[in-house]
Amino acid sequence: MGFFRVAAMALVALVAVASRFVGAQPSPSTDGTLEPHESGIEVVLASIEKIDATCIFRKDKQMLRNIAQAESNNGDKNSVTSSVGGIWRVSQSVFAATKSASLSVYFSRFPGAFGINWNTATWQDLDKPLYSALAARLAIALQQQEFLNTPTSLDGKLPWSVTAQSAIWKAAFQKPESASALQSLYVAAAQLIRSAVCNSAGVEIAFVLDVSGSIGPGNFNQMKEFVKTAVSSFEVGPAQNQFAVVPFDSVVRPIIKLNDYSNKNSLINAISAIPYTGGGTETAAGLNALRAVVFAPGNGVRAGRAKMAIVLTDGASNSPAQTTAAASAIHANKDITVLSVGIGAGVIHSSYATELGLIASDPSNAFTRS
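In this text, all values refer to a predicted model and were calculated from it rather than measured experimentally.

Overview of the environment of Thr229
Within the fold, Thr229 resides in helix H10 (residues 217-232). Sequence-wise, Thr229 and Ile268 are 39 residues apart; in three dimensions their C-alpha atoms are separated by 9.0 Å.

What follows is the structure in C-alpha cells.
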C-alpha cells in the first residue's frame, strides 16, 4: 500500500476525529450505546469508536458514519425502534445473514470485546445502537467478502469513493431503491458530514513533518501534498480551523504557528515553500515543539478547542528513548489527539512501526504502508 493510500486513511481518521467535536454534548453518565432507542450523533460516534478500538474489522472509511446519516439521520428519535433495525436500519433478512458461519471470524470475538454473544442476539436487540452498528458492519463485511482474504494492512477491501460505497450499501442492506437514488442520498449524507466538520466552530490541527535525510525528496514532496490536501478539506481562519506545521530534522526548522495565516490560500502557499533540509531525525525535538510551542499559550491556540496532530515520519528516530518520552509528555495532556503516518518502505520494519505506535495517542491512530 503506497503513501497516498496510507495518507488518505489518516485524512479520513482526521476528519472523523474532528467530527466528534462538532456540536458535541457532555458525555452521558451511562453507556448510551447499549441503551434501547438511544440516538443522536454522540451515540453514533461512540458506537463506531467502540468497534474501531477492538480492531476486529479493518477501517470502514467512514461507511458506518455515512450510513447512519443516510438511513436515519443518526437515529431520529421518532423512527428508531426495534421494528426498523435501530439507527442503521438493518432489516430482519440482513440481520439473519450476519449470523453466517463465514462471519464467525468476526463475531466469535464479540464476547471478549463487547460482552455480546452474536449467536443468541435477536433482531430486537438492534434497538441498542452498538448492536445495530455491529449488524451493519457485519453486513458490509459479508457483502464485500472481507473474510476471504483478511488483509494485513489497516486499509482493508472497502473503497474510498462514496459513490462506490453507496453501491455496497445498496447490496449489503438489500435496498430496493434505485442505485441512482441511493447514490444521491449517500453522497448527500457524506457531504453533510464533511460540511459539518469543515464549518464547525473549529479545531486546532498541527502537522509534524520529518524532513530528514532518510525521508528523501520524493517522500518529502508527497508529505507536503498530503498536508495541502488536508488543509483544503477544511475552512481556515481564526473563527474556524487553524493549522500549524512543525518541520524537523536534526533540529526544529521554522514553524508555521496556528495564528500565522488566516486564510487557506496563504497557508497552502506557505506549506509549498517549506524546504527539504535532509539532516538527522530528532523526532523528539519535533514532538517537544508541538507541545511546548504550537499548543502553548500565546501562539494562537484557542481555549476550549479540540487539538489534533498528525506526525509524518519514517519511524526511525535518532533517539528512540527520547522520542518515547516526548510522546508520553504529549499524551499526558488528554486534550491532544495524535495520529502518526509512516513514510517510506522502511516503516514495515517492526521497530519503526513500534515507534509510530508509541507516537500515536492510540495504536489504532498509527498508519503504515504494508
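So, next bit.
A closer look at the pairing of strand S2 (residues 242-248)
Burial analysis of S2 places seven of its seven residues in the buried class, which makes it a mostly covered element. Side chains Gln242, Ala244, Val246 and Phe248 project from S2 onto one buried face, and the interleaved Phe243, Val245 and Pro247 project onto a second face that is buried too. Examined bridge by bridge, strand S1 (residues 204-210) and S2 share seven bridges and lie parallel to one another. Paired with Asp210 across the two strands is Phe248, which belongs to S2. Read from S1 through H10 to S2, the crossover connection turns out right-handed.

Digging into the sheet that holds S1
Taken together, the five strands give an open sheet; going across it, the order is S2-S1-S3-S4-S5, and neighbouring strands pair in parallel fashion. For this open sheet the edge positions go to S2 and strand S5 (366-367), each flanked by a neighbour on one side alone. In the packing of H10 onto the sheet, contacts are made with S1, S2 and strand S3 (307-313), and the angle to S1 comes to roughly 175°.

Re the pairing of strand S4 (residues 336-342)
Within a regular strand, the side chains alternate between the two sheet faces. Extensive coverage of S4 is indicated by the burial of seven of its seven residues. Residues Ile336, Val338, Ser340 and Gly342 of S4 are buried on one face, and the alternating residues Thr337, Leu339 and Val341, pointing to the opposite face, are buried as well. With seven bridges connecting them, S3 and S4 associate as parallel partners. Looking at S4, one finds that Val311 is bridged to Ser340. Direction of pairing for S4 relative to S5: parallel, over a ladder of two bridges. Bridge pairing in S5 places Ser340 opposite Ala366.

Let's talk about the pattern of salt bridges
With the rule as written, the count across this model stands at six salt bridges. Salt-bridge contacts for Lys128 lead to Asp125; the nearest nitrogen and oxygen are separated by 3.7 Å. A salt bridge links Lys228 to Glu225, with the shortest nitrogen-to-oxygen separation between them at 3.0 Å. With Lys228 and Glu225 both in helix H10, this residue pair falls three residues apart, about one helical turn. Note on Lys228: relative accessible area 16%, which makes it buried. The exposure class of Glu225 is partly exposed, given its relative accessible area of 38%.

As for helix H12 (residues 283-294)
For H12, which comprises 12 residues, the first-to-last C-alpha distance of 15 Å matches the rise-based estimate of 16 Å (1.5 Å per residue) to within 8%. All buried positions along H12 are accounted for by Thr283, Ala284, Gly286, Leu287, Ala289, Leu290 and Val294.

The rules behind these values
- Residues numbered from 1 in each chain as written.
- Predicted model: local features only at pLDDT ≥ 70, side-chain atom pairs only at ≥ 80, totals over all residues.
- Heavy atoms only, no water.
- Helix = DSSP H or I, 4+ residues; strand = E, 2+ residues; numbered from the N terminus.
- Buried < 20%, exposed > 50% of the residue type's maximum accessible area, 1.4 Å probe, protein only.
- Pairing = 2+ DSSP bridges.
- Right-handed = clockwise from strand over helix to strand, strands pointing away.
- Contact = heavy atoms within 4.5 Å.
- Axes fitted to C-alpha atoms, helices over the stretch in contact; angles between N-to-C directions.
- Salt bridge = Lys/Arg side-chain N within 4 Å of Asp/Glu carboxyl O.
- Expected span 1.5 Å × (residues − 1).

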